[in-house]
Amino acid sequence: MGDLILLSVSSIFVNNILLMQYLGNCPFLGVSKKMETAVGMAMAVVFVMVLAGVFTWVVNTYLLKPFEVEFLRTVAFILVIASLVQFVEMFLKKSIPALYAGLGIFLPLITTNCAVMGVALILNKEEYDFIHALVASTAYAIGFGLALVLFAGVRERILLARVPKPLQDTAIGLVMAGMMSLAFFAFKGMA
Amino acid sequence: MREMIRLFVVILIFSAVSGGLLTILHSKTEARIEYQELKFVKGPAIKQIMEGSSNDPLVTRFKLKDDTEERSFYVGIFDGDPNIVAFETFGKGYEGDIGVIVAVNVENDEIFGIGMTTNKETPGVGKRIETDVDFRLQFNELSIEESIKLRNDGGQIDAISGASLSSGGVVAAVGSAKEIYKRLKPEIIEKLKGFKT
Amino acid sequence: MSNRKLFVSSHAPYWHSRRSISGRSYHIMLAALPALVMGFYHYGAQAIGLVALSMSSAIIWEFLMNVLMKRPTTIGDGNAAVIGLLLAMLLPATTPWWAILVGTFMAVVVGKQIFGGLGCNPLNPSLVALAILLLSWESLLDFDTRLVNYDLPFHMAYPLTALKNFGVSVIPNYSLFGLFMGQQSGGIGTAFGLGLIIGGLYLIWRGHIRWEISLSFLAGLFLTALLFNVSDPGSYANPVFHLLTGYTLIGAFFLATEDSSSPVNFIPMIIYGASAGILTVLIRNIGAFEDGVVLAILMLNVANPILDKIRPKAMGRGMEHA
Amino acid sequence: MKPFFKVGKAKLKFHMVERREKEVVEEIPLPANVTLFLKKTGSGSDNLLIRVGDRVKTGQRLLRIGEGDSYHISTVTGTVSAITEHTGYFGHTYPAVSIESEEKDQWDDEAGGVGKEPTAENALQYWGSLPGEPDFASLLNNTPPLDTVVINGVDKDLLMTTNQLMVKTEIKALTEGIEYLNKLTKAERIILLVPTTLGPLAEQAGAEVRVMEPVYPDTLPKLLMKKVLGKIVPAGVRCENLGVGFLDAEAVVALSKALSKGEMCVSKTLTVIKKDNTLVNVKARVGTSVKDILEHLHIETDQGDRVILGGPMFGHAIHTEDLPISYDTDGIMIQDKGRIVWNSDTHCVNCGECVRACPAQIPVNMLVRLLENSLYEEAAREYDMLSCIECGLCSYVCIGRIPVFHHIMLGKQEYDRIRSAEESNE
Amino acid sequence: MAKSAVQEFTKGLWAEIPPFRLVLGLCPVLAVTKGVETGIFMGIATTFVLVCSNVIVSLLRKVIPKGVRIACFIVVIATFVTVAELLMQAFAYSVFMKLGIFMPLIVVNCIILGRAEALASKKGVGVSFADGLGMGIGFTLSLFALASIREIIGNGTFYEIPVFGESFQPFTFMIEAPGAFVSLGLMLCIMNLLGKK
Ligand SMILES: Cc1cc2nc3c(=O)[nH]c(=O)nc-3n(C[C@H](O)[C@H](O)[C@H](O)COP(=O)(O)O)c2cc1C
Ligand SMILES: Cc1cc2nc3c(=O)[nH]c(=O)nc-3n(C[C@H](O)[C@H](O)[C@H](O)COP(=O)(O)O)c2cc1C
Ligand SMILES: Cc1cc2nc3c(=O)[nH]c(=O)nc-3n(C[C@H](O)[C@H](O)[C@H](O)COP(=O)(O)O)c2cc1C
Ligand SMILES: Cc1cc2nc3c(=O)[nH]c(=O)nc-3n(C[C@H](O)[C@H](O)[C@H](O)CO)c2cc1C
Ligand code: SF4
Ligand code: SF4
Ligand code: SF4
Ligand code: SF4
Ligand code: FES
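Reading the values: the criteria
Residues numbered from 1 in each chain as written. Chains lettered and ligands numbered in written order. Predicted model: local features only at pLDDT ≥ 70, side-chain atom pairs only at ≥ 80, totals over all residues. Heavy atoms only, no water. Phe/Tyr/Trp six-rings, centres within 6.5 Å; stacked < 30°, edge-to-face > 60°. Helix = DSSP H or I, 4+ residues; strand = E, 2+ residues; numbered from the N terminus. Buried < 20%, exposed > 50% of the residue type's maximum accessible area, 1.4 Å probe, protein only. Lys NZ or Arg CZ within 6 Å of the ring centre and 35° of its normal. Core = buried A, V, L, I, M, F, W, Y, C linked by side-chain atoms within 4.5 Å. Contact = heavy atoms within 4.5 Å. Domains from an automatic or database assignment. pLDDT = per-residue confidence, 0-100.

**Concerning the packing of aromatic side chains**
Argument step 1. Inspection of every chain in the model, using the stated rule, returns 27 aromatic pairs over all chains.
Argument step 2. With 5.5 Å between their ring centres and 50 degrees between their planes, B:F78 and B:F112 make a pair best called tilted. Of the two residues, B:F78 is situated in strand 2 (residues 69-78) and B:F112 in strand 5 (residues 110-116); the sequence distance between them amounts to 34 residues.
Argument step 3. Judged by its relative accessible area of 28%, B:F112 is partly exposed.
Argument step 4. When the ring of C:Y43 is compared with that of C:Y150, the centres are 5.1 Å apart and the planes differ by 85 degrees; the resulting orientation is edge-to-face. Of this pair, C:Y43 sits in helix 1 (residues 21-68) while C:Y150 is found in the loop between helix 5 (143-146) and helix 6 (159-166), placing the two residues 107 residues apart along the sequence. Of the two residues, C:Y43 and C:Y150, neither departs from the other in class, the shared state being buried.
Argument step 5. Put simply, the rings of B:F62, B:F73, B:F87 and B:F195 pair up and form one aromatic cluster.
Argument step 6. Lying across the ring of C:W205, C:R206 places its NZ or CZ 5.4 Å from the centre.

Spelled out as structure tokens, the structure:
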């Protein structure tokens, strides 16, 4: 139990997927200008990332490893993620239209989000067992959502500030992301 | 439905072609990759420890089953005697595991030398476990029976200043190496005999 | 009509409290003085030179950025000087000149000006600079080696380093009253607890800082340290020790209270202060760093915009008119 | 300037009526020329009843207000010398009628007749221009009908003493006025609001008396609603929409005099605040220029000083002393150029002073950022712009010296414009 | 035809140089520019995948059914990423180690799928090839520039060769995560100042 808690803290804060591992920056900078979209994206990512983590773990453990074709990992994972997103989209559209209306536009974008693929790769590289893989992918996803929402809050203010022209938008967003990653050093060593 | 099947078949064909091509490429490169991996990951540390040996420890190696795990052992032959055996263990560092190659002299059960393999320690801070020679040399000739600890914890190893966590990781790795060695010593001795020239 | 008098026209109100940004800056500098004087007394001319260099270089960076960005000159508002001063107060007296230049550049240019200047900075500029220095040259903030040439009449080991390395056994080396009176090594302006408290109370009394933040920061820090201490007195220092060492007091009164990066509503101020205090102790007790004030405050700075969304209902808001 | 332990909100105390320089109200002689700003025009200058060159009598109707049956009247007898378009606060335009006045007043016959038969219908025609804001006529026609009338015996802005003075010196007329109000309106409650010191005096007026500490901004209508009547006015809604009307004590006195003696109100009592913040109360014919008043009082002004119609918190600064006083001018304030605190265009430094000061709990620090970026709709929707009760304290305390209040007033104006443009599109 | 291919090639070098003009594919840019070596290798690998997948997609553009277009592109891209991975393991293992998971992550680099979708699936082989090559080289140049700055200031070296004297203590901030974001942001600012010409 203790190690699961440590793993969670580590994956949410210490090794935050966005700020410490440089994964998922395009949506981070792309959808953080408005709090509403940021929250939508965060939820969509949490959803898909957890599912992707679990599915790729299963594929890796029960297909790639037994048949000794681990070199096909990249192809296999991306196919799993792409079809997963497709199914989630179809499922939500049919059964939970309200949720689909909220998350729908973000789902296709997630296919090529390197945070999702990255988490899948990390889980399998670290050779976690199933429970740890599940906890880690959930925690990474929460870390992503947390960073995204915090960032959107700061970004809303930056949009109202007198940022010099050449720095506006993405440039200042990146600098701010850097400062945030600096602040996340606070959690160093805690897990 | 027919359409769905058609699309599915298309993807299947793409994937099959892709898998086939990659399998061919993989089989052609497999041996090379394995050697490269050895050379770059563990090679430098092993070579460093075994400097002056008359053999290539990366080639002179054997595997043993330890519980469920399979471990590789690298043999150093000095003056014709295959007395040095090296293997990799891990300890928790500042950021993730620190891989350490520990070489033991089976003659006197003393540590012959250690070297670092993989770690994610901070450059300039924790990375000094790799670059700081004095730190590494402190382990030489410590006995397997001795308890090895950092000076802060009442032991004999001076930590690298500012990186006591990384230093502790190395110490922990050496500690687990001692256990492995003790556990497998009979089989190791047995195997080593085969390398005598 | 040729010599008709023209009056000054503008929008109401026509009275003003007469408080100003520059006034606030100068009050902050004044409030910093007691703590600073103790630093000068301990570390001599070197400390004075360092503070002067830091303040002047901060002002110069600000001026250069004003010119570069083709904006009105803002060095008169005193904020650059405050940034330089606070940065210098956090550093050991022997910090090399180039580190000061890099530090003030990071504070004024990267921490503040590129976001649009005063009031636009999302994080406390001095702390951004300090964190960057810490990350790049950790040895700069290793007070024990930095201050090795000073032989002052008290135990010179930096309390928090000693605590981190040797545990609670070092605490008897320090007298709590001594710590309070500045008998400890540290940054130029961080050691003298009494001076910092006097300065802080002055700022609170004059309404220049929000007392809610200072108070909740200290309370959060104290209570968390107390919990740790009670749970395992053999591993964790007592709360008073935490209160009087490191950057705690300067953090409570001068760093966490930076305007632009801290909340203004009551509940958010309390959450902000208390969380920063809690995080500080977590970093000190279980994290990688000796002192947690800098990063804890930066972390809460990041959360500030979200926190400050918690606010009282405005009068008449959301009411339907029948 | 005033350092204090910032726990509570900023409160500014009023100057009590006792602090006046002289007890008497100084009468300003009838000037040779008056200018009348006919502010409440509703549908523009088509409703004018006179032309340049016409001779008008005191009390004569000049302009019909809106579509109703209520008029602006002349305050002097004389010849109309010019009719121009005047541009006032935030670009509102209205007719300005200049009249060369004769020395002797000649009362318009119809105007005199009102007193004989004090019915609402008769009276209303002439009382579009009773002193004070808002005007009485529209109050009587209010929908919903007023159920409460609050007579303000405390002044709204700092340093103003007109209404307090009325309570103190005209308590008889006030009492009569309250009786008339009882007849004219269907209001269930008539409340007389006075400063603590005048409480005993007010008891005889025959209304429900409430006393209060005259501290700013508690004297503003929406805060009175909250503190005196215990009602919160929804954001963007006027007090009148809740059936509560506010009348200045001065207006009630004028009403009483008109109905009992047939004297139409053509003068205005106001407080003149000199550069050293001493006060003089004067009574002047509506339309008298500021210059005439200041000259009579021997007050010197210089280029670069500030002259304000109204009080220090929400008066309107004027650029020339040729402008006249109107029915709603409660005071004239002269500010020496050396004491003017200039606004600046710094970005908000997030000091939070305004948030502490705001009596309406508005997140002014965020609001001002949005307004600076012209995001008016968002400002109204998310940052409570419409809750603002227009007290000006945020500007007063802002350490960045940002013209916050100006931003807000402009923002409300722009917001209304956007909304009406949207509505007309639909 | 020839002219437009040249145009397609050159626009990737400045007018639409990724990641500055097209703000996509930021993660690898941040992650692999700690050092010049990893930057260049990442650039080359990406260029390889970009060119190959552009060409294949362009060749197969008439065969692939619309419904599974994206899925097929992804398989093509993933195949070439794996090819690049295997080749790099076999021939440049030390760089492969430093690139870590960012090698397989080329598969989700938005630039590549973006070019496949926006251009290669519509245009001829020549143009697609030129576009891929231009974009790839532009991307490599960007990585090289950023990596040079970061490595020189942050580590005091260029291609792991020291450039300053002994006494220089590197500005480590630049090679840590925060420095990555900040320096990319400032570089973007400079690009904006220079304009698109
Ligand atoms: C940016 C940064 C990187 C660090 N990296 C390491 C590291 O790689 N290894 C380590 O043991 N400690 C690292 N630390 C932790 C501190 O050096 C801390 O002082 C250490 O955990 C204990 O200090 P000591 O060795 O002086 O007792 C790092 C700290 C910082 C600020
Ligand atoms: C809270 C408060 C604020 C005031 N602000 C101003 C002001 O901004 N300008 C001014 O001319 N008078 C102002 N006054 C008027 C003062 O009461 C008084 O005239 C002034 O303090 C004279 O003394 P001083 O010049 O030393 O301040 C203010 C009064 C109060 C109660
Ligand atoms: C803006 C600026 C930045 C500098 N940055 C560094 C630095 O990062 N590391 C460093 O060791 N010296 C730095 N220096 C100092 C010089 O490069 C040089 O190292 C120093 O003068 C030699 O000092 P030493 O002899 O004490 O080492 C910097 C100087 C300036 C002006
Ligand atoms: C107690 C206190 C601490 C402050 N600390 C900082 C600081 O660390 N860095 C900074 O740039 N400004 C700081 N300021 C300045 C403040 O945010 C604001 O910019 C000034 O008040 C304007 O002159 C501080 C202000 C106060 C009141
Ligand atoms: S790949 Fe995904 S995250 Fe990156 S830009 Fe494209 S849609 Fe956004
Ligand atoms: S504040 Fe109240 S009384 Fe004043 S105008 Fe608005 S609604 Fe009417
Ligand atoms: S926002 Fe409105 S109510 Fe609040 S202080 Fe400013 S003027 Fe007064
Ligand atoms: S008082 Fe002025 S500077 Fe301070 S928060 Fe309000 S608007 Fe910003
Ligand atoms: S490269 Fe686009 S999200 Fe990482």
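**What to know about the nonpolar core**
Burial of nonpolar side chains together is a common tendency in soluble globular proteins.
Argument step 1. Ranked by size, the top nonpolar core spans 254 residues in total, and within it C:F254 and E:F102 carry the most contacts.
Argument step 2. For this core, the element with the most residues is helix 4 (residues 69-91) of chain E, which contributes 15 residues.
Argument step 3. Setting aside chain neighbours within four positions, we find E:F102 in contact with A:Q21, A:Y22, A:L23, E:C27, E:P28, E:A31, E:V32 and E:M42.
Argument step 4. Counting residues in each nonpolar core, the second largest holds 40 residues, with D:L12, D:M313, D:C348 and D:A379 among its members.

**Section: the domain arrangement of chain D**
Argument step 1. Here chain D is described as being made up of domain 1 (115-263), domain 2 (267-339) and domain 3 (353-425).
Argument step 2. Here the C-alpha centroids of domain 2 of chain D and domain 3 of chain D sit 28 Å apart.

**Details of the confidence of the model for chain E**
Argument step 1. Per-residue pLDDT for chain E has a mean of 88; in total, 97% of the residues score no lower than 70.
Argument step 2. For this predicted complex, the interface confidence score (ipTM) comes to 0.83, while the overall pTM stands at 0.85.

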